[in-house]
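Close look at the chain arrangement
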Amino acid sequence: MDAATSYDEANCCETMENYLLAIECYNDCLQVTKELDDHENIAFVLRIMGEIHMNKLHNYPDATKLFLDSLELLRTQNSCESSDEEDSSIILGLIYQIGQAYALANDYENALDFFEEHIKLVESRDPVDEELVADSLMEMGVILADMDENSDYELATEKLKECLDIRRKILGPNSEKVADALNTLATVHEKSEQYDDAVKCLTEALRTFKMVNEIAKASATYHILAKMKATTAEKSGSDSDRKAAIECYVSAIQTRRQDPTLDDLDLASMLHEYATLLCLDNNYTDAMPLLEEALRLQKSKVGLRDGTVANILLRTAECHVHSNKFDSSLVCLEQVKFIQDSLGSSDIDIVLLNHLLGITYLERGDNENAIKTSLEALKMMRMESNQDSLECADIYTNLGKAYGILQEHDKAIESFVEALRIQKVELGNDSMEYAETVFHLASIHISTEKRTQAINCLTESIRVFEMFSDEKDALIDALEMKADCHFFLNDYSSAASAFQQCINAIENNISLNSKNERLASLIHRLGKSYASFGDYDNAFAAYRDAIKQYNEALGSDNLPSANVMYDVGLLTLDDSENEKATQCFKEVIRVYTLCGEDKNTKVADAHVQLGTIQADNSEYEESMESVKTAMRLYKTQLGNDTVETGKALLLCGRLNDAAGDYDKMVSNFSEALRIFKISSGDSDMNVSVALSNLGVAYSRKKLYAEAIEKCKEALRIRKLYTKNDRDVADSLFNIGNLYNEWGNHEEAVKLGSIYLESGDVDTAIESFSDALYVCEEIDEDVEDLLIIIYKGLGDCYFQEADLELALESYVSCFKIQKLEIGDDCIEIADTCDSIGLIYQQSGKLGEAMQFYTKALEIHEKHSDNSRCLASRIKISTALIVEQQYEDAIEHLDTCVKLYCTEGQSNESEEIAMIYHQQGIVLNKLGKQEDAVISLSTAIDMRTKLQGKENVKVAEAMYDLGEVLEQQDVDEALAVYDDAISILQALSETNHGKIADVYSRMAGILSNQGKYESSLDTLKRSLQLYSQHYGSDSINVAKTLVHLGSVYKEIENLDRASSCFSEGIKIFRSNPSGRDTRDDVLMSRAMCELGKIYGRMKMQDKAIELCTESLRILKQHPSKENDGSIASTHLAMAEVLNEWGKPEQAARFYEESMRYYEENFGSDSIEVATCHYGIALTQKKMGNAQAAIRSFGKALRIHRTEGDKTLHVANDLFQIGQIYDTYGETNKSFQCFQECLKIRQASLNEDDLDLLAARRSLELQQRMLTREYSSSCNYQHLLTREKQTHNRPSYT
């Protein structure tokens, strides 16, 4: 085959776009041409082949090689000949193409070399073809901007601007090639983040493209503009940039649709990017059709297995997720997984894929896969160091939901807490995302029976939901859940309030009739809440409204209405209206029967209630018939051995009692007992009820031993649930009656002690009083019982804080003991201790010491050393409580001498306690070295007696650490560490005590400036306090306040405000648990939070909190609190001053100064701060003279600390500014000069205060220079004028 034929075939293949076959044909042509040794045509064919490889097959290395071979042949052929113009042009073109091929192959160095060579060759020709120079400059600019880490945007911009200048000069400003250069230059500007310059270039290019009707390029320019605006919007969060991006995408797509011949892939890309931007704006409805079109275009061109197709599907799945179309989202996501598995592409957003899969699986109920994919998404985000993003918070929230459904509550809580941590940092405490996560956390607390914590969470979520008017459904759900929690916790008043709020929210937003049923349910529960705390009028009104709502929604004679009617029956029964109650229960039976539900257990419940009413009305036969009907239904629907059947049997037993059939009574109660044990366990309350009734049944049969045994067992079970319950009292009463009936009066008297032990003090007093009356009426010798009775009454009255009656009872006991068992019997010592304690609490220390001493004398007579020490400890404790430390230490020293004499054991817990107390008292007296010795002795003694791992040792170490804090903080920390190690090693770890130690350590670390260590320690303390006392305890509140203070020190104001807010909230929720110190700490936390709000420009909240702080502090007046009051006034003054209210601020500064002067003197630094603040307000009000006087007073006090403090510098700066306004430049210059020297010595060179002082000083220097110059010019003029007047005349 000849060369011409091969060439024609290659041309034909190229026309048919069969480029590989074209290359083969060109190779055949090349072989023939080589045989002819035709270098020119060989070079020509090589160049064509290179162009195919570069432009069609994108095989850039082979293209480069072919171009280089062609160039070498042409240069070889022309090296010995003078090349003509045509050959020179061909070589120029090849050099340019080689540069392009190298650039496309990312071999930038060689590419730049060939473009440089191209420019030199063009410039060597005459005339110079500047358009070719411009082409190479443009290519070089692109390369310089794309060179990975070695990009040189400045040089790239220079090359492109040179290209642009040449093209404008040659082609004019409206040329398409000029527009191309502008587009390229804009790309470089964008990469170098010079967005304004990029936009200018693109706008000019766009104008040209539209002018010359270049649709493709105009569309592409709009596309570039859109992407650029979208990028800047993402970085800045600017709505205007985002809107501009959307407008550009719309224009790009509209322009692109004008020419249907253009590549569909470009349109697919635009549609995909535009849809993505809409998704970021949560506009999934408009995004969906764009994505569908983009997917169709992309798949039609490249098929399914494509990374872009995967990303379009991913975004489509996101739209489906937000439209709750989870079946559709799963289909899209499974296709994405298929593509990802096929390609292994890194261009697919795998994090988003797993996140969306997690949401989809969760909503479809596949919780295991939801957890698996969510954890995979988290893992990848951690690898990308993106674990604190809002997307990460969303994943944690979904994990929490899935774990919650699977009842893995600990993991659920951990996930929600982590989500909240991120949301608080990124969004604050007032975002919907934060509120929704708190709501989900509440649901977990409910699942774990922690409803108090749930209520706290729900209260917080409701607070935020109320801020968003379009989130009423979420608000209603939270209110309903909160109401249910209150109801479960028997807080019926709060439940009613929450139900009412929920009802109001629905009534204000009701749009569908289907909501009426929910509204009716809420009104029904509102009625039950009212009924539960005795508000029968409102309960009846709510029940009537609920029935009305149910009938409107469901029609008459519906089951929910019947359920309300059942509750109406119970309510009327409580109101002693048996006839109305009977009508209600019969109506319930009628409606259920009418609805075909006559076998429902609700019908059985109604029969039980009817039976109870009939029994109360002595209609025993009718009652028995009703109960039997109920039992038959229970057994049919629920089985034979259910709680409901057991309760019906209890009613049967009651009817047997009324009929006098005690054998059947015992039988029915025994059967009920058996059923309750089977269904609920041996310690259920129903078991207790059955046992109590069975005891009554045995008493009817005079079987008192069996009766008492059953009643005692009932009492044991009831005490497991509560100590103060009325049922416990009833059980005790039954036992007492049985003993009395049995004739065992002594045991009956002891019931008072049982009542007291159970915590039912009122019933114990009643029991002891009844026993006292019985003992006084009988002639038997009952003094031994009277001692028990009077002692018991004394204990009861003491618990009730009725010290007068308690003292009277103990004295009666004391008198009988003296007569019956002697003046120095050991029992009298206990009574003396009780009397001494009452006198001590009554403030009668002399009488208290008299009885304590009497107790001590008795113990000494009986040689009971341990009780002697106990009495002495009581005496010293009384003295310490009264803050009589000198007397206490004298007593303790005597105690030590007495029990440390030769021949007596000087190592016991009692003696260790004395040394311990001695150390505490010595510390109070300021004798720290002696305190250390005493406390160390106590520690050593306890270590020998009980080993080092003992709680008493740890307690002494805690007090030793407090002493050492005043001497050697490092040693104190070491002691605290030892105390923690001991407490942690104990089998029953006391988390509260460990937390106490951590709190002390945190205080030391904070004072040392080791804030991170202090934070870690306080967080441990917080966790332990939460475990030990509960998350809403006073100790938790204190620790949160301390945490807030440390966060404030390190300028983490978000965390600080969060801690202060939470601490204040807990303090407020525990009014009964707070003492004066807690109130003061709460007020200080309010002040600190107010300061933070002030810095955050939330001045109204700041003033509100500080005002509340002042109110609390003034409720507890003391010298110590005066400083806090002054500080709070100062904080309010600073907030008001920043708020632009200088007149109000001045009043608070003056009030603060008054407190500071009274407590610290008129020359204290605090007073100087007030003077400074007053001066600032006067300066703002334009009262410069008063301001300079106040600044001067502040300066005088501040100089007492030294002349080089920053306070002095600040005063001088302000005074200098005022002098400047007066035009007293010299004085102003001197102030700024001294200020600058001080700040230079103390601050960094880039500190804003230092820079301000330098600028002010330089300004004064220029002003002084101008004044001096003006003065010199004036003197010069005067001199010239004098010379003119004195010059001789030359007329």
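Residues numbered from 1 in each chain as written. Predicted model: local features only at pLDDT ≥ 70, side-chain atom pairs only at ≥ 80, totals over all residues. Heavy atoms only, no water.

1. Concerning the overall build of the chain
What counts here: Numbering goes from the N terminus for both helices and strands, where a helix is a DSSP run of H or I of at least four residues and a strand is a run of E of at least two. Computation of the radius of gyration draws on C-alpha atoms alone. For the globule rule, the value is 2.2 Å times the number of residues to the power 0.38. Using a 1.4 Å probe on the protein chains alone, a residue whose accessible area is under 20% of its type maximum counts as buried, one over 50% counts as exposed, and one in between counts as partly exposed. In this analysis, two residues are considered to be in contact whenever any of their non-hydrogen atoms come within 4.5 Å of each other. His residues and chain termini do not enter the charge count, which takes Lys and Arg as positive and Asp and Glu as negative. Charged side chains are reduced to one point each, which is NZ for Lys, CZ for Arg, CG for Asp and CD for Glu.
Looking only at helices and strands, the chain features 61 helices and zero strands. Its C-alpha atoms give the chain a radius of gyration of 46 Å, clearly above 33 Å, the size a compact globule of 1291 residues would have. For the chain, the spread of C-alpha atoms along the three principal axes comes to 155 × 115 × 70 Å. Counting only residues that meet the buried cut, the chain has 47% of its 1291 residues in that class. In the chain, once contacts between residues fewer than 6 apart in sequence are set aside, the share between residues at least 24 apart is 55%. Separation between the mean location of the 131 positive side-chain charges and that of the 221 negative ones in the chain comes to 4 Å.

2. Here we look at the pattern of salt bridges
Selection criterion: Any carboxyl oxygen of Asp or Glu that lies within 4 Å of a side-chain nitrogen of Lys or Arg is treated as forming a salt bridge with it.
Counting across every chain of the model gives 52 salt bridges. For the salt bridge of Lys217 with Glu176, the shortest nitrogen-to-oxygen distance reads 2.6 Å. With Lys217 in helix H11 (residues 215–236) and Glu176 in helix H9 (residues 176–191), this pair connects stretches of sequence that are 41 residues apart. Judged by relative accessible area, Lys217 falls into the partly exposed class, the value being 26%. Residue Lys1097 pairs with Glu1138 through a salt bridge whose shortest N-O separation is 3.8 Å. Of the two residues, Lys1097 sits in the loop between helix H53 (1076–1095) and helix H54 (1099–1115) while Glu1138 sits in helix H55 (residues 1119–1138), which places them 41 residues apart along the sequence. This pair shows no difference in class: Lys1097 is exposed, exactly as Glu1138 is. Residues participating in the shared-partner salt-bridge network are Asp477, Glu480, Asp484, Arg518 and Arg525.

3. Some points on the nonpolar core
How we decide: Working definition of a nonpolar core: buried Ala, Val, Leu, Ile, Met, Phe, Trp, Tyr and Cys residues. They are joined through side-chain atoms within 4.5 Å.
Core analysis: the biggest nonpolar cluster contains 172 residues, and Ile143 and Phe465 have the highest contact counts within it. With near-sequence residues (within four places) excluded, Phe465 lies in contact with Met432, Ala435, Glu436, Phe439, Ala474, Leu475 and Ala478. Judged by nonpolar contacts, the second largest core, of 135 residues, contains Leu772, Leu793, Cys895 and Tyr1156.

4. So, a negative patch on the surface
For clarity, the threshold we go by: To count toward a patch, a residue needs a relative accessible area over 30% and no salt bridge; like charges are then connected within 9 Å, while nonpolar side chains (Val, Leu, Ile, Met, Phe, Trp, Tyr) are connected within 5 Å. Per-residue and other accessible areas were derived by the Shrake-Rupley procedure at a 1.4 Å probe size, with only the shown protein chains allowed to occlude residues.
A contiguous patch of negative charge on the surface is contributed by Glu123, Asp152, Glu154, Glu158, Glu162 and Asp165. Take the negative patch: its biggest share by element is four residues, from helix H8 (residues 153–171). Position of Asp152 relative to the elements: it lies in the loop between helix H7 (130–146) and H8.

5. Quick word on unusual backbone geometry
The residue after Asp126, namely Pro127, is reached through a cis peptide bond having omega 5 degrees. Mapped onto the elements of the fold, Pro127 is located in the loop between helix H6 (108–124) and H7. The backbone phi angle of Glu17 is positive, close to 65 degrees, even though this residue is not glycine. For Ser618, which is not a glycine, the phi torsion comes out positive at approximately 65 degrees. Looking at where Ser618 falls in the secondary structure, it is placed in the loop between helix H29 (601–616) and helix H30 (620–638).

6. A closer look at the confidence of the model for the chain
So the rule is basically this: Summary of the metric used: pLDDT quantifies the predictor's per-residue confidence within the range 0 to 100.
Summary statistics for the chain give a mean pLDDT of 85 and a share of 91% for residues scoring 70 or more. Here residues 740–750 scores under 50 on pLDDT; set against residues more than four positions off or in separate chains, the count is 15 contacts. Predicted confidence is poor over residues 1273–1291, with pLDDT under 50, and the contacts of this stretch with residues over four places away or in other chains come to zero contacts.

7. Some words on helix H3 (residues 39–55)
Selection rule: Multiply 1.5 Å by the residue count of a helix minus one, and that product is the helix's expected span.
With 17 residues, H3 extends 24 Å between its outermost C-alpha atoms, agreeing within 8% with the 24 Å of an ideal straight helix rising 1.5 Å per residue. All of the buried residues along H3 are Ile42, Ala43, Val45, Leu46, Arg47, Ile48, Met49, Gly50, Ile52, His53 and Met54.

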